[in-house]
Amino acid sequence: FLRSNKTSFKPLNSTKNPSPLPPVKSLSVIRPYIQTHYKPILAGWLCSVVSVFSLSRIIPNITIFSCNLSISQLRNQGLILAAFVLARLVAIYGQQALLWDAALNSEYDIRVHVFDKVLERELGFFEGGSGVPAGDIAYRITAEADDVADTVYALLNTIVPSALQLSAMAAQMLVISPGLSLISAMMIPSTAFVIAYLGERLRKISKKSSLTIANLSAYLNEILPAILFVKANNAERCESARFQRLAHSDLSECLKKKKMKALIPQIVQFIYFGALFIFCAGSLVVSGGSFDGSRMVSFITSLVFLIEPIQGVGKAYNELKQGEPAIERLFDLTRFRSKVIEKPDAVNLDCISGDVKFCNISFKYRDDMPFVLDKLNLHIKAGETVALVGPSGGGKTTLVKLLLRLYDPSSGHILIDDHDVHGVRLDSLRRHVGLVSQDITLFSGTVTENIGYMDLMKKIDMERVELAAQSANADEFIRTLPQGYETHIGPRGSSLSGGQRQRLAIARALYKNSSILILDEATSALDSRSELLVREAVERLMENHTVLVIAHRLETVMMAKRVLLLENGKLEELNRSTLMGSHYNSLASSGLVI
Ligand code: ADP
Ligand code: MG
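Residues numbered from 1 in each chain as written. Chains lettered and ligands numbered in written order. Predicted model: local features only at pLDDT ≥ 70, side-chain atom pairs only at ≥ 80, totals over all residues.

- The name given to the chain in an unreviewed UniProt entry is ABC transporter domain-containing protein, with the source organism recorded as Acer yangbiense.
- What the UniProt record of the chain gives under Subcellular location (unreviewed entry) is the line "Membrane". (UniProt positions renumbered as here; feature names shortened; annotations may be inferred.)

As structure tokens, then:
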């Protein structure tokens, strides 16, 4: 339950692929996303030119005040100074707003790209024990993408604005006193060395702290939906203790990171203020009286404004080192090799009759696991209704996953209307299969949005929604809800009962109106009366659909013409007289409720 850092960070494919995927190069991987927003970047940099130019005019204008000026000169000088100060403030605002615009838009693009890639990943990534937990994925796409934006901003803000200010101030210092400038330049390599060393340490700490926070997020993601179970088992204190343990390890990692982040600028400042002190004292000696007060003020002011961009570089380096692990972890989600691959010449199945053949299918989830299905053969003719029974863990749901090509069989072929599913476009294959899965999946939203999920991005056909609800015997209870079909059903449909959720899921599959309908233990949570009504609905559908009913209850199975038992990876056809006759006990042991 409490995953170690190692397991949660390990990419799924790393153990399976013969050649490992190349590592993520932080900067090169995000560069294309930044480049697309070149317009605000260039505009932001233009603002920084204005701001540095204004600054280089402000400094001599300040030092003029140390001369004896008349009142009118003072006023003029004051106005000029005010104009440059204002220009600088506006330009700095423009620079920051525009560069944030570019950074946040890059973050948006990266987020969308990563999420699309996550959706593209095959089911095994989410189901297997070696995948990244959902909460960790959520953390990467939310908080770590934010870190990436901070990094992008810091880089953009450094590349041109800091470099500009640095060179402008250095030039000014050179003009004032080449000797002192050289001494101050000598400070740069030592500072760079200190920053680089601390930056590397920060990167390591950041990586650790992003793992601890991701673990915390994964934990919350798992425990909060299970709150009923926690309460029913009086497990609040136990969960609180587990939370505290995870939160505490995050606390110590985060504290280390913040301390390091606070330390780096102080060290930079220490070095430069130390230098400043040396110059002040040294200048008296070096200048030998030729270094007048206003030049001294100019030099020191330039030096102070030189420190600012150097600190900026330090900060950007900080951000980069902190952002690198975030970029790695984020883009790690996008690097995978799918096993279920759509061929380039895959055909689009427009219309099918619904004939399904499983030919010699063998399948195991992982190489180190036993076969779940073993040379299995099954032919479901178009329009036929077949019931599948068998012990739990026998592989019934696995068979459905193979039909939907969520996994590919280790050997054998699956044919739909005599088309090998390998050569069929995945979207067209899945369009023809309506599935009511064992774990009911409803989303927060209205009843209508849940039933018409397939058309969520288009226009949901209300008439079809109601028809589907009526067929699934859900219409009656939906109408008793406060806002009928427009009632919000809470996260995962949590405001409904198990049976109601199941009926909504059935209605959703009926709305899809696909040629093949699969009910995977879809009626297990229904009371006898509701089940009878659903069964009637399914019987009506049986006329023009291919139906595969996976069930535990004998009544559900009786409507099917053929009943198959899946046990030990093999299928066995049960004849109806066996079902009606004296073999109830052996069937019950196979998981059939009589
Ligand atoms: P049924 O639906 O008949 O109850 P399943 O098809 O869900 O059974 O599971 C068949 C077997 O495969 C079980 O032993 C189960 O533990 C295993 N299994 C199911 N899903 C996975 C998975 N994603 N990774 C590894 N093993 C799995
Ligand atoms: Mg199952």
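Observations regarding the sheet that holds strand 2 (residues 373-380)
Moving on, step 1. An order of 2-1-4-5 is seen for the four strands of this open sheet, with the pairing classed as antiparallel. The open sheet has two free edges, formed respectively by strand 2 and strand 5 (419-420), since each of these has just one partner strand.
Moving on, step 2. Looking at chain direction, strand 4 (residues 411-416) and strand 5 are connected through two bridges and run antiparallel. Its bridge partner being in strand 5, Ile416 is matched across the sheet by His419.
Moving on, step 3. Relative to strand 1 (residues 356-363), helix 11 (residues 396-403) is tilted by about 115°, and along the sheet it contacts strand 1, strand 2 and strand 4. (Pairing = 2+ DSSP bridges. Helix = DSSP H or I, 4+ residues; strand = E, 2+ residues; numbered from the N terminus. Contact = placed C-beta atoms within 7 Å. Axes fitted to C-alpha atoms, helices over the stretch in contact; angles between N-to-C directions.)

Here's the deal with the confidence of the model for the chain
Moving on, step 1. Predicted confidence across the chain gives a mean pLDDT of 82, with 87% of residues reaching 70 or more.
Moving on, step 2. Here helix 1 (residues 5-9) is the element of the chain with the lowest mean pLDDT, 37, and strand 1 is the one with the highest, 94.
Moving on, step 3. The low-confidence segment residues 1-18, where pLDDT is below 50, has 24 contacts with residues more than four positions distant or belonging to other chains.
Moving on, step 4. Predicted confidence for residues 582-586 stays below pLDDT 50, and this span has two contacts to residues more than four positions away or in other chains.
Moving on, step 5. Across the predicted assembly, pTM comes out at 0.80 and ipTM at 0.98. (pLDDT = per-residue confidence, 0-100.)

Points about unusual backbone geometry
The bulk of non-glycine residues show a negative phi, and the bulk of peptide bonds are trans.
Moving on, step 1. Even without being a glycine, Asn360 presents a positive backbone phi close to 55°.
Moving on, step 2. With 13 C-beta atoms counted inside 10 Å, the residue Asn360 sits in the partly exposed group.
Moving on, step 3. Within the chain, Asn473 stands out as a residue other than glycine whose phi angle is a positive 60°.
Moving on, step 4. Position of Asn473 among the secondary structure elements: in the loop between helix 14 (462-471) and helix 15 (475-480). (Buried ≥ 20, exposed ≤ 12 C-beta atoms within 10 Å, placed from the backbone.)

Considerations on the site of ligand 1
Moving on, step 1. Taken together, the neighbourhood of ligand 1 is formed by Glu127, Gly128, Tyr365, Val372, Gly390, Ser392, Gly393, Gly394, Gly395, Lys396, Thr397 and Thr398.
Moving on, step 2. Considering every element that reaches the shell around ligand 1, the biggest residue donor is helix 11, with three residues.
Moving on, step 3. Residue composition of the shell around ligand 1, by class: two nonpolar, eight polar and two charged. (Near = placed C-beta within 6 Å. Nonpolar A, V, L, I, M, F, W, Y, C, P; charged D, E, K, R; others polar.)

Quick word on the sheet that holds strand 8 (residues 546-550)
Strand pairs in the sheet, formed through backbone hydrogen bonds, run parallel or antiparallel to each other.
Moving on, step 1. What the six strands build is an open sheet, ordered 6-7-8-3-9-10; its pairing is mixed. At either margin of the open sheet sits one strand with a lone partner, and together these are strand 6 (433-436) and strand 10 (570-574). Strand-to-strand, the axes of this sheet are offset by a mean angle of 20°, without reference to chain direction.
Moving on, step 2. Of the pairings in the sheet, the one linking strand 6 to strand 7 (residues 516-520) comprises four bridges and is parallel in character.

Focus on the pairing of strand 3 (residues 385-389)
Moving on, step 1. Burial analysis of strand 3 places five of its five residues in the buried class, the great majority of the element.
Moving on, step 2. Of the two faces of strand 3, the one lined by Thr385, Ala387 and Val389 and the one lined by Val386 and Leu388 are each fully buried.
Moving on, step 3. Across four bridges, strand 3 lies against strand 8 in parallel orientation. Note on strand 8: the bridge partner recorded for Val386 is Leu548.
Moving on, step 4. In this sheet, strand 9 (residues 562-567) lies alongside strand 3 in parallel orientation, the contact comprising four bridges. Across the sheet, residue Leu388 finds its bridge partner in strand 9, namely Leu564.

A short note on the nonpolar core
Moving on, step 1. Counting 66 residues, the largest nonpolar core has Ala387, Ala472, Ile506, Ala507, Ile518 and Val549 as its most contacted members.
Moving on, step 2. Per element, the largest residue contribution to this core is seven residues, and it comes from helix 16 (residues 498-512).
Moving on, step 3. For Ile506, the residues in contact, after removing those within four places along its chain, are Val436, Ala472, Ala522 and Val534.
Moving on, step 4. The next biggest cluster of nonpolar side chains, apart from the first, holds 50 residues, and it includes Leu198, Val268, Phe305 and Ile310. (Core = buried A, V, L, I, M, F, W, Y, C linked by C-beta atoms within 7 Å.)

Thoughts on the environment of Leu533
Moving on, step 1. The residue Leu533 is located in helix 17 (residues 528-541) in this model.
Moving on, step 2. Look at Leu533 and you get partly exposed, because 18 C-beta atoms sit within 10 Å.
Moving on, step 3. Placed 436 residues apart in sequence, Leu533 and Ala97 show a C-alpha to C-alpha distance of 61 Å.

Comments concerning the packing of helix 2 (residues 26-35) against helix 4 (residues 71-120)
Moving on, step 1. Look at helix 2 against helix 4: their axes get within 8 Å of each other, and the N-to-C directions meet at 115°. Seen from above, helix 2 lies across helix 4 with right-handed handedness. Residue-level contacts link Ile30, Tyr33 and Ile34 of helix 2 to Ala102, Ser106, Asp109 and Ile110 of helix 4.
Moving on, step 2. For the contact of helix 2 with helix 4, the per-class residue count stands at five nonpolar, one polar and one charged. (Left-handed = near helix turned anticlockwise from the far one by under 90°.)

Describing the environment of Leu403
Moving on, step 1. Summarising the element assignment, Leu403 is placed in helix 11.
Moving on, step 2. Considering only alpha carbons, one finds Leu403 and Leu429, 26 residues apart in sequence, at a separation of 8.9 Å.
Moving on, step 3. Beyond its immediate chain neighbours, meaning those up to four positions away, Leu403 contacts Val356, Ile414 and Val433.

Regarding helix 14
Moving on, step 1. Considered for burial, the residues of helix 14 that qualify are Val465, Ala468, Ala469 and Ser471. The arc that holds the buried residues of helix 14, viewed along the axis, is 160°, so those residues lie on one side. The outward face of helix 14, more than 90 degrees from its buried face, is lined by the exposed residues Met462 and Glu463.
Moving on, step 2. Positive phi shows up at Asn473, right after helix 14, with a value of about 60°. (Arc of directions from axis to C-beta.)

Re helix 11
Moving on, step 1. With respect to burial, helix 11 is a largely interior element, seven of its eight residues being buried.
Moving on, step 2. Considered for burial, the residues of helix 11 that qualify are Lys396, Thr398, Leu399, Val400, Lys401, Leu402 and Leu403.
Moving on, step 3. Phi for Arg405, located one or two positions after helix 11, is positive at around 55°.

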